[in-house]
Amino acid sequence: MTFQYQRLAEQLAHKIYQHELQPQQKLSSLREFARQHSISLSTAQQCYELLEAKGLIYVKAKSGYFVSSRQYQSPVPDSPGFESMSRQVSNLDLQNQIQTASIQNHLTPLGAIQLSPHLIPVEGLRRSLQRALKHCQPEDFLYCNKQGHQQLRQALSDHWREDGIYVATDDIFISNGCMPALSLLIQQITKQGDSILIPTPTFNGQLQMLASLKRKIIEIPADHRGIDLERLEHFMQQGSAKLCLMTANFQNPLGYCLTNEEKQHIAKLAQQYQCFILEDDIYGECSFQKERPLPIRYWDQDGYVIWCGSVSKSLSAAYRVGWFCLGQQLQYLRPRLLANNIGVNTPLQLGLADFIYSRGYREHLDQLRPKLMQQVQQYRAFILEAFQGIPIALSQSQGGYALWLQLPASITGLQLYYLAQAQGINIVPGEVFGEDRRYQHFLRLNAGHALTEEIRQAIQQLADWTRKSLN
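As named in an unreviewed UniProt entry, the protein chain is GntR family transcriptional regulator, taken from Acinetobacter courvalinii. Under the heading Sequence similarities (unreviewed entry), UniProt records this for the protein chain: "In the C-terminal section; belongs to the class-I pyridoxal-phosphate-dependent aminotransferase family."

See below:
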């Protein structure tokens, strides 16, 4: 279902786009807005925070909320239509090349989606690791349980419970990050040559992984609102695939967050057609709102949703700790999963468990969310300023820090990618986010680092190259 604050935000957004509310116009105070619509103060605040996250309004200290300038507003990117069919990932060589380039840390970091070291609570993590080592038991220096250390599994279970997500400790498996968890599960649930349902455009690393595992894909159209649920159900009903790989919260690269109603519907489809949902919820804790959005798994009553995640996007990409949560339908795979799961560094697991129990992780998330929202707003504003006069479209997410930029039809992202690489700038062209070159006029940019002068200059160069090509 759509929450009341989301409906009110959509109504205000429509008035802004239709110029019924003018730039710099002051909005009603939170209390006045709550009184006008007979809602609570917290609902009014959630509505305004959502509009702020989209860059449509801004707040002035001690003055109130105002409509943003039009130069900081933009249309959302298009999503080309296409026919869905079972097929191979055709551009693996390009995928490998761009994936390798995206993590070159000496380049201006607009490529891989990762947080700046300045947003990582280094001192808190150091103290947790020291405490964990100090209180280690002798058995902690032997081989660890391949399901993961009990302390970390219990810590995660307790942490999620605070957000209303209930997972039994025995159903949690610790992995070396989210992608290894996805790869392990895909190999156990499907076989080579099988087709997997996947929304498109989608994270290029997932396409690269599926191609390496020799799995086919059936692309389901997606846009800034979410995934085409009718087409998803059509292929589930046909039995074309026994597994669907998707992200419901702040999907990379589009940034959409499915509504609770849509998530519940997907969980029901999975049960009805006995098609497993492999839910990559790696950005779930990177919301711009105070509340964490629930995963699809929350509505899974029959064990057809496998929930996966890690701390790589919310804490540190270098902290290679992830997990997956097994439902009752796949409990028979437990011995095979344990046999093939790669054990995770025990002191690191214990350090993360301490960080969670000491409230360090919760405090970090509370501080990170408003910083991320402000940082992504700054990126959006500067990109729109740099590309002023050029017909572009830019994503407007409610969380995460991937930006999806649509370029004019005569400009290709791959062309800009090679120009940028030659100048020491890292970006990811849209071509690797789907098949048939349908996203060749798109770029994905990372907004996880502070908008430094170096990054401003890099974005300005992208805009200047685009402007020069158009002229």
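Next, the rest of the story.
A. Layout of helix α8 (residues 204-212). By the criterion of burial, α8 is predominantly enclosed, with eight of the nine residues buried. Listed in full, the buried residues belonging to α8 are N204, G205, Q206, L207, Q208, M209, L210 and A211. One or two positions beyond α8, positive phi appears at K214, with a value near 60°.

B. Main features of the packing of aromatic side chains. In the structure shown here, the tally under the stated rule is 15 aromatic pairs. Residues F173 and F324 carry aromatic rings whose centres are separated by 4.8 Å and whose planes lie at 10° to one another, so their mutual orientation is stacked. Taken together, the positions of F173 in strand β5 (residues 172-175) and F324 in strand β12 (residues 322-325) put the pair 151 residues apart, joining distant regions of the chain. Relative accessible area serves as the criterion here: at 0%, F173 is assigned to the buried category. Here W404 and F442 contribute two aromatic rings whose centre-to-centre distance is 5.0 Å and whose plane-to-plane angle is 15°, an arrangement assigned as stacked. Within this pair, whereas W404 is found in strand β14 (residues 402-406), its partner F442 is found in strand β17 (residues 442-446), the two being separated by 38 residues in sequence. Neither W404 nor F442 differs from the other in exposure class; each is buried. Taken together, W404, F433, Y439 and F442 form an aromatic cluster joined through their ring pairs. When the ring centre of F82 is taken as origin, the NZ or CZ atom of R231, which lies over that ring, is 5.8 Å away.

C. The arrangement of the pairing of β5 in detail. Where burial is concerned, the two faces of β5 agree: the one with I172 and I174 and the one with F173 and S175 are both buried. When β5 meets β12, the two strands line up antiparallel, connected through four bridges. By the bridge assignment, F173 is partnered in β12 with F324.

Parameters at a glance
- Residues numbered from 1 in each chain as written.
- Predicted model: local features only at pLDDT ≥ 70, side-chain atom pairs only at ≥ 80, totals over all residues.
- Heavy atoms only, no water.
- UniProt positions renumbered as here; feature names shortened; annotations may be inferred.
- Buried < 20%, exposed > 50% of the residue type's maximum accessible area, 1.4 Å probe, protein only.
- Helix = DSSP H or I, 4+ residues; strand = E, 2+ residues; numbered from the N terminus.
- Phe/Tyr/Trp six-rings, centres within 6.5 Å; stacked < 30°, edge-to-face > 60°.
- Lys NZ or Arg CZ within 6 Å of the ring centre and 35° of its normal.
- Pairing = 2+ DSSP bridges.

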